[in-house]
Amino acid sequence: LQSLDDAELRMLGREHTVAEARKAVEAARGLFPGRTSIDLLFGLPGQSRDAWAQRLEEALRLCDDHISLYQLTLERGTVLAAQVRQGALPTPPQDVLADMYQTARNVLVAAGFRHYEVSNFARKGALSTHNLSYWWADEYIGVGPGAHGRFVLRGEGGCSREARVQTLEPVAWMREVQSQGHGTRSRAVMSPLEQLEELLSLGLRTDEGITHERWGRFSPQLSLQAVFGEPGEARALQQEGWLVLDSGGLRCTWAGLAVLDSLLPDLLWQLQRA
């Protein structure tokens, strides 16, 4: 969906209109009631707090039981990024972006949604089971141009987790599949530390965080408590109210979930030392 304003959609270079987007959502809800999600972008050039709040209210009247909110990322090489760089379009300041995010969290929680992941909200238990497999560090196979995979090749007698990346360009990917049977551009065995770093970075994105059981699957010898319960960065973040480490595992507080990216460098450094 991305926006419920035609001018914003044109600015983003999208070809659909708000009316077409509404019809698509209604059709999807008719086919998959209770399992339809919409995406919205915030932090668009020229977007105000009030305009964002209005989009949220409109989205609540349209959406099903899942909604994803993403702050706009300007991609190099796009027309929009060039316009911003040249000063033709103003971007909201950081404090306004933070307010937009916090406004969305408050509005959606008040409407019965659970903020179960940094960018994702669900009610009536309609969590994205597909995406949870990434955040929980389950195994998955990436199929198609640019896709990533994380899995153990048990069929070949493997016992190590591999990271695989498919060729990014669609035409090149198809050509490789036709000539060699696959479009895998790279494959690498992940070290135990790399697996824990990924588990930490992705698992803390969820409100559940990283359970002791899930951590133990990747680190049977070194517990969560042994790594993050000792004096150090994690202990300081707990005392400051950003993190919790208890019988459930390691997770962000409500405040910490909003600033996770700023917490991760210290936590990764403590993990690397351990």
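Because the structure is a prediction, the values reported are computed rather than measured.

A. Structural context of the confidence of the model for the chain. Looking at the chain as a whole, the pLDDT averages 94, with 100% of positions reaching at least 70. By mean pLDDT, the top-scoring element of the chain is strand β10 (residues 249-252) (98), and the lowest-scoring one is helix α4 (residues 79-85) (86).

B. Representation of the sheet that holds strand β7 (residues 184-189) within the structure. Read across the open sheet, the three strands follow the order β5-β6-β7; overall the sheet is antiparallel. Each of the sheet's edge strands pairs with one partner strand only, and the pair in question is β5 (148-152) and β7. Across the sheet, the axes of successive neighbouring strands diverge by a mean angle of 20°, strand direction being ignored. Inspection of the sheet shows β5 paired to strand β6 (residues 161-166) by five bridges, in the antiparallel sense. When the sheet's bridge partners are listed, Val152 is paired in β6 with Arg161.

C. Structural detail: helix α3 (residues 49-62). Here α3 spans 20 Å end to end across 14 residues, near enough to the 20 Å set by a 1.5 Å rise per residue. Within the span of α3, buried status applies to Ala51, Trp52, Arg55, Leu56, Glu58, Ala59, Leu60 and Leu62. Buried residues in α3 make contact with α1 (6-11), α2 (18-31), β1 (37-42), β2 (66-71) and α5 (94-110).

Quick notes on the rules
Residues numbered from 1 in each chain as written. Predicted model: local features only at pLDDT ≥ 70, side-chain atom pairs only at ≥ 80, totals over all residues. Heavy atoms only, no water. pLDDT = per-residue confidence, 0-100. Helix = DSSP H or I, 4+ residues; strand = E, 2+ residues; numbered from the N terminus. Pairing = 2+ DSSP bridges. Axes fitted to C-alpha atoms, helices over the stretch in contact; angles between N-to-C directions. Expected span 1.5 Å × (residues − 1). Buried < 20%, exposed > 50% of the residue type's maximum accessible area, 1.4 Å probe, protein only. Contact = heavy atoms within 4.5 Å.

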